Amino acid sequence: MADFVSSAFVWIPKMYRYDPIDQKIVDERVAQFRDQTRRFLAGTLSEDDFRPLRLQNGLYVQKHAPMLRVAIPYGLLSSRQLRMLAHIARKYDRGYGHFTTRQNIQFNWPTLASVPDILADLATVEMHAIQTSGNCIRNVTSDQFAGVAHDEVVDPRPYAELIRQWSTLHPEFAYLPRKFKIAVSAAAEDRAGTWFHDIGIQIYKSASGEPLLRILVGGGLGRTPILGHELHPGLPLPHLFSYLDATLRVYNRFGRRDNMYKARIKILVKELGVEKFRAEVEAEFAFLKDGPSTLPAAEFERVANHFIDPEYRTLPGVSRKFEQHLIDDRAFSRWVSRSVSGHKRAGYAAVTLSLKTTGSAPGDATDTQLDGVADLADRYSFGEVRVAHEQNLILADVEKDQLYALWQEAKAIGLATPNIGLLTDIIACPGGDFCSLANAKSIPIAQAIQRRVEEKLGDLDYLFDIGDISINISGCMNACGHHHVGHIGILGVDKHGAEFYQVTIGGSQGNDAALGKVIGPSFAQDEMADVIETLIGTYVNLRHEDEQFIDTVHRVGIEPFKAAVYPNGRTQEAKEPADV
Amino acid sequence: MSNHASTLVRLSKSGASVSQEEWSVLTLAQFAEGSLDTHCAAPQKRLLPLTVWLEERDALIADATHPIGVWLDSHEDPAAIAEDLPSLAVVGVNFPSFKDGRGYSTAYLLRQRYGYTGELRALGDVQRDQLFYMKRVGFDAFQLKAGASIEDALTAFNDFTVSYQGSIDQPLPYYRQRLLQRAAGGAE
């Protein structure tokens, strides 16, 4: 339902809206953090004692300045919230924000003293930075096409919102051995990476139509990349919180705390074996099952009612206007072929706006662009925006008739690069330019590859001809750039104080999730564009008709790629650091 | 673990208050080096390490002329004292560092699983900003880290006035409270 606020037309999106209790919790969190910051600045709270507190509010201290990571639960935003992010970028930062691979946004330049004010501003639009960092349950992620995807079994957003509430300020699990990430998927194609999370939840329906939760545990990227294990094949929804409590309690009590690199739940699951781990969880769950944390149907309904469909119009499946534009305007049809995806409703489409324009850092958006996307959302997509973990933005409910007009407007603000899923749609963490954990820079690698594609490979035809491929770049083995699951993965490593890059190929996300294989010794920064060009050239030479990069890798293995990249037997050299 | 004559913050139905610490927290090392005897005649209130308690429990229970306390370190299993809880006046849980969160689960289990109703005391690196969560999982006494501001600590329990999840202080998650309120008060 639309309403009118100071004469401007503003949608009230169909997403979870805070009630007074939700608002109170966030407001009290702001007050708490304001007081903690005051005590830190006054010197009565030590640096060491403040660190975990600020991290649990998303505040890092980075190379140049503090970095504030703001939660975007399961990647869903209203236009109003997006305008607030633009305001924060302008007022407290240097006019831009960075969308992350966990559907959040980071600001790189706020001052520490201003953070309580930023959090207060966020609270006015039902946002926060709670548990976006630290050794606690992190912001829950999900499918960027939730609610509109045609392959969806149920809408995962109510489940994700319920998990958000359950995990928010959970008193028992704020000081876990290590961070803890949960992802939810409820479609035939897993777009949430559930196999690579501490807990992945796949929702499906039983024969009788009851939603069941397949619980995966112990997946993850990072230093020890591993696919999760099935912990429960089909948990009935009412037991969700009791089962999560049981799992987290086993982890909190028995997860390793002696070595931070072995502290994730995946190590506990690996050391115990999944059967033993499951037995521990089941023993704990037996005490909790059917207890007070059981989720009543009425509560699920309350939350689910926030996510009802917007007021879709009844439209024909085929839009003549749209079809005509496809024929008349090649640039438009190219953009459509990459950026527009299917929708459960006839006459509608979901549009991905690219944040991967050559020359800008992957995932970065300026305040003008953020405001611009908010306007587009209001005019074309019921005032709602999603963040994809591939670091792009999505307008999920656009009428096909309107796609041409939307494209022109998106182009005007630099968000219509027709490269979604192509070579230049690179996933990259902030890397050594910003992050104090990084071993090497990520952004210049992404930019060098993008520039090489533009200069050498020239026209768009070539980019389109190369087809679907993902390049994922992480500046260190914490793997924020998800390098293990890129078709080509690039990992920054430190070699005697110099920045080098290790390359993997054959990784993939989704239902056929797989980890890439290292092709050999690492490369210097200025070699990377050549290496990528060689890998792509090798694929082009070897491919069968209609074969995508990843298919060719699966068919021929990594050897031909290795041979092309290391023509002089450089593979013999032992140049890598021992721990990579 | 420090064993200074610290102040103790106690929570009761009437709120948080400060009281003088009457108990000595004894470490395993103190017993190991022989400076302490389990059957020490001094009628002081002593919080014993788990190992000492497990070795001497029958004698100590038989000999109970004064209240007994036991403390668990962060890695120790509360199941080890589940049977003994009716004999204990105080149970302590040590936080070697406030970042070691095992004690929250230990407290929850002592209260919920093993039904402990006596005083449950947080020991070690206990600071103002962890008190709210500690209260939620069942602690009702807090031996603050040396140097902590008592005034600050007394306000910490009110950081939040509502929570989503059920725990020990409020077993019902907020959604159950809301459903009960609705049932009692009619429709919203």
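Residues numbered from 1 in each chain as written. Chains lettered and ligands numbered in written order. Predicted model: local features only at pLDDT ≥ 70, side-chain atom pairs only at ≥ 80, totals over all residues. Heavy atoms only, no water.

### Considerations on the sheet that holds strand E11 (residues 211-217) of chain A
Residue and element names in this part refer to chain A. Inclusion rule: DSSP-based pairing: two strands are paired if at least 2 bridges between them are found. Starting at the N terminus, helices and strands are each numbered in turn, a helix being any DSSP run of H or I of at least four residues and a strand any DSSP run of E of at least two.
Within the open sheet, the 5 strands sit side by side as E8-E9-E10-E11-E12. Their pairing is mixed. Both edges of this open sheet fall to strand E8 (141-142) and strand E12 (229-236), since each of them pairs with a single strand only. Direction of pairing for strand E9 (residues 182-185) relative to strand E10 (residues 199-205): parallel, over a ladder of 4 bridges. The residue bridging valine 184 from the neighbouring strand is isoleucine 201, located in E10.

### Quick word on helix H6 (residues 240-254) of chain A
Quick note on the threshold: Take the number of residues in a helix, subtract one, and multiply by 1.5 Å to get its expected span. In this scheme, a residue with accessible area under 20% of its type's maximum is buried, one over 50% is exposed, and one in between is partly exposed, where area comes from a 1.4 Å probe on protein chains only.
Look at H6(A): 21 Å from first C-alpha to last across 15 residues, which is about the 21 Å you get at 1.5 Å a residue. For H6(A), the buried fraction is high: 14 of the 15 residues fall into the buried class.

### What about the layout of surface pockets?
Once rolled over the atoms, a probe with the size of a water molecule shows which space is left empty. Residue and element names in this part refer to chain A. What counts is decided by this rule: A cavity here means a set of points on a 1 Å grid, drawn over the protein atoms and nothing else, where a 1.4 Å probe fits but cannot get out; a pocket is an open set with protein on both sides within 12 Å along at least five of seven lines, and a residue lines either one if it has an atom within 4 Å of a point. Grid points are joined across faces, edges and corners, and a volume is the space filled by probe spheres set on the points. We call Asp, Glu, Lys and Arg charged. Ala, Val, Leu, Ile, Met, Phe, Trp, Tyr, Cys and Pro are nonpolar, and the rest, Gly among them, are polar.
Estimated volume of the second largest pocket: approximately 1,000 Å³. Elements with a contribution of two residues or more to the lining of the second largest pocket: helix H11 (330-339), strand E13 (340-341) and helix H17 (549-556). For the lining of the second largest pocket, a count of residues per class yields 11 nonpolar, 17 polar and 10 charged.

### Quick look at the confidence of the model for chain B
We apply this condition: As a per-residue measure, pLDDT reflects the predictor's confidence and takes values from 0 up to 100.
With 89% of its residues at a pLDDT of 70 or more, chain B has an overall mean of 89. Among the prediction metrics, the complex's ipTM stands at 0.94, with pTM recorded as 0.94.

### Quick word on unusual backbone geometry
All names here are of chain A. For leucine 169, which is not a glycine, the phi torsion comes out positive at approximately 60 degrees. Relative to the elements of secondary structure, leucine 169 occurs in the loop between helix H5 (157-167) and E9. The backbone of histidine 496 shows a phi angle near 50 degrees, a positive value even though the residue is not glycine. Inspection of the secondary structure assignment puts histidine 496 in the loop between strand E20 (488-495) and strand E21 (498-505). Of the residues examined, histidine 496 reaches a relative accessible area of 85% and is grouped as exposed.

### Quick word on the environment of A:Tyr539
All names here are of chain A. In plain terms, the rule: Contacts: residue pairs with any heavy atoms within 4.5 Å of one another.
With respect to the helices and strands, tyrosine 539 occurs in helix H16 (residues 528-542). For the pair tyrosine 539 and phenylalanine 561, spaced 22 residues apart in the sequence, the C-alpha separation amounts to 7.9 Å. When near neighbours in sequence (up to four residues on either side) are disregarded, tyrosine 539 contacts Ile466, Glu547, Gln548, Phe549, Thr552 and Phe561.

### Topic: the packing of helix H1 (residues 20-42) of chain A against helix H4 (residues 115-123) of chain A
Residue and element names in this part refer to chain A. Stated precisely, the cut-off is as follows: Simply put, an axis is a line fit to the C-alpha atoms, just over the touching stretch for a helix, and the angle between two N-to-C directions goes from 0 to 180 degrees. Geometric relationships in this document are graded by angle, where less than 35 degrees denotes roughly parallel, more than 145 denotes roughly antiparallel, 65 to 115 denotes roughly perpendicular, and other angles denote oblique.
Running from N to C, H1 and H4 cross one another at 175 degrees; their axes reach a closest spacing of 9 Å. It follows from the interaxial angle that H1 and H4 lie roughly antiparallel. Of the residues in H4, those touching H1 at Gln23, Val26, Asp27, Val30, Phe33, Arg34 and Thr37 are Val115, Pro116, Asp117, Leu119, Ala120 and Ala123. Residues of the contact of H1 with H4, tallied by class, amount to 8 nonpolar, 2 polar and 3 charged.

### Overview of the state of the cysteines
Heads up, the condition is: For the purposes of this analysis, a disulfide is any pair of cysteine sulfur atoms at a distance within 2.5 Å.
With the rule as written, the count across this model stands at 0 disulfides over all chains. Unpaired in this structure, A:Cys476 has its nearest cysteine sulfur neighbour in A:Cys435, at a distance of 6.0 Å.

### Some words on the interface of chain A and chain B
When the parts of a complex come together, some accessible area is lost, and that lost area is often taken as the interface size. The criterion, for reference: Summed over both partners, the accessible area lost on bringing two parts together, with a 1.4 Å probe, is the buried area. Within this document, salt bridges are pairs made up of a side-chain nitrogen of Lys or Arg and a carboxyl oxygen of Asp or Glu, the two lying within 4 Å of each other. Polar contacts, as counted here, are pairs of nitrogen or oxygen atoms within 3.5 Å of one another; within protein the pair requires one atom able to donate a hydrogen and one able to accept it, and residues that are adjacent in sequence qualify only if both atoms are side-chain atoms.
The partner chain B presents 37 residues to the 45 residues of chain A that form the contact. When chain A packs against chain B, close to 3,800 Å² is buried across both sides, 54% of that on carbon and sulfur atoms. It is A:Pro171, A:Tyr175 and A:Arg253 in chain A that bury the most area against chain B; as a group they hold 20% of the surface buried on that side. Taken together, the links from chain A to chain B amount to 8 salt bridges. When the shortest N-O distance is used, the salt bridge between B:Asp129 and A:Arg39 registers 2.8 Å. Joining chain A to chain B, the criterion identifies 20 residue pairs in polar contact (both at pLDDT 80 or more). Per-element tally for the side of chain A that touches chain B: the top contributor is H1(A), with 10 residues.

### So, the sheet that holds strand E7 (residues 119-124) of chain B
Residue and element names in this part refer to chain B. Strand order in the open sheet formed by 8 strands is E2-E1-E8-E7-E6-E5-E4-E3, with mixed pairing between adjacent strands. Each edge of the open sheet carries a strand with a single partner, namely strand E2 (15-20) and strand E3 (23-25). Neighbouring strand axes in the sheet, compared pairwise and without regard to direction, differ in orientation by 25 degrees on average. As paired strands, E3 and strand E4 (residues 45-49) are joined by 3 bridges and run parallel to one another. Counted as the bridge partner of serine 24 is arginine 46 from E4. Against the sheet, helix H3 (residues 102-113) engages strand E5 (68-72), strand E6 (90-95) and E7, with an angle of about 160 degrees to E6.

### What about empty space enclosed by the protein?
Following the criterion strictly, the structure yields 7 cavities of 30 Å³ or more and no others. Lining the largest cavity are 19 residues, and of these A:Gln165, B:Tyr164, B:Gln165, B:Pro173 and B:Tyr175 lie nearest its centre. Secondary-structure elements contributing two or more residues to the lining of the largest cavity are H1, H5, H6 and helix H9 (297-304) of chain A together with helix H6 (174-185) of chain B. Per-class residue counts for the lining of the largest cavity are 9 nonpolar, 4 polar and 6 charged.

### What about the side chain of A:His484?
Residue and element names in this part refer to chain A. Mapped onto the fold, histidine 484 is located in the loop between strand E19 (471-474) and E20. Residue classification places histidine 484 among the buried positions, given a relative accessible area of 12%. A distance of 3.2 Å separates polar atoms of two side chains, one belonging to histidine 484 and the other to histidine 483. Setting aside anything within four residues of it in sequence, one finds histidine 484 in contact with Leu221, Gly222, Pro225, Ala479, Gly507, Ala514, Leu515 and Gly516.

### Digging into the confidence of the model for chain A
Residues and elements named next belong to chain A. The pLDDT averaged across chain A works out to 93; a share of 96% of its residues lies at or above 70. Predicted confidence for residues 1-7 stays below pLDDT 50, and this span has 11 contacts to residues more than four positions away or in other chains. Considering only residues more than four positions removed or in separate chains, one finds that residues 572-580, a stretch of pLDDT under 50, has 18 contacts.

### Quick word on the pairing of strand E4 (residues 66-70) of chain A
All names here are of chain A. Most of E4 sits out of view: 5 of its 5 residues are buried. Alternating positions in E4 separate into two faces, Pro66, Leu68 and Val70 on one and Met67 and Arg69 on the other, with burial throughout. For strand E3 (residues 59-61) and E4, the ladder comprises 3 bridges, and the chain directions are antiparallel. Residue tyrosine 60 lies in a different strand from E4, and its bridge partner there is methionine 67. Joining the antiparallel neighbours E3 and E4 is a turn of 4 residues. Bridging between E4 and strand E7 (residues 105-107) involves 3 bridges; their strand directions are antiparallel. Bridge pairing in E7 links arginine 69 to glutamine 106.

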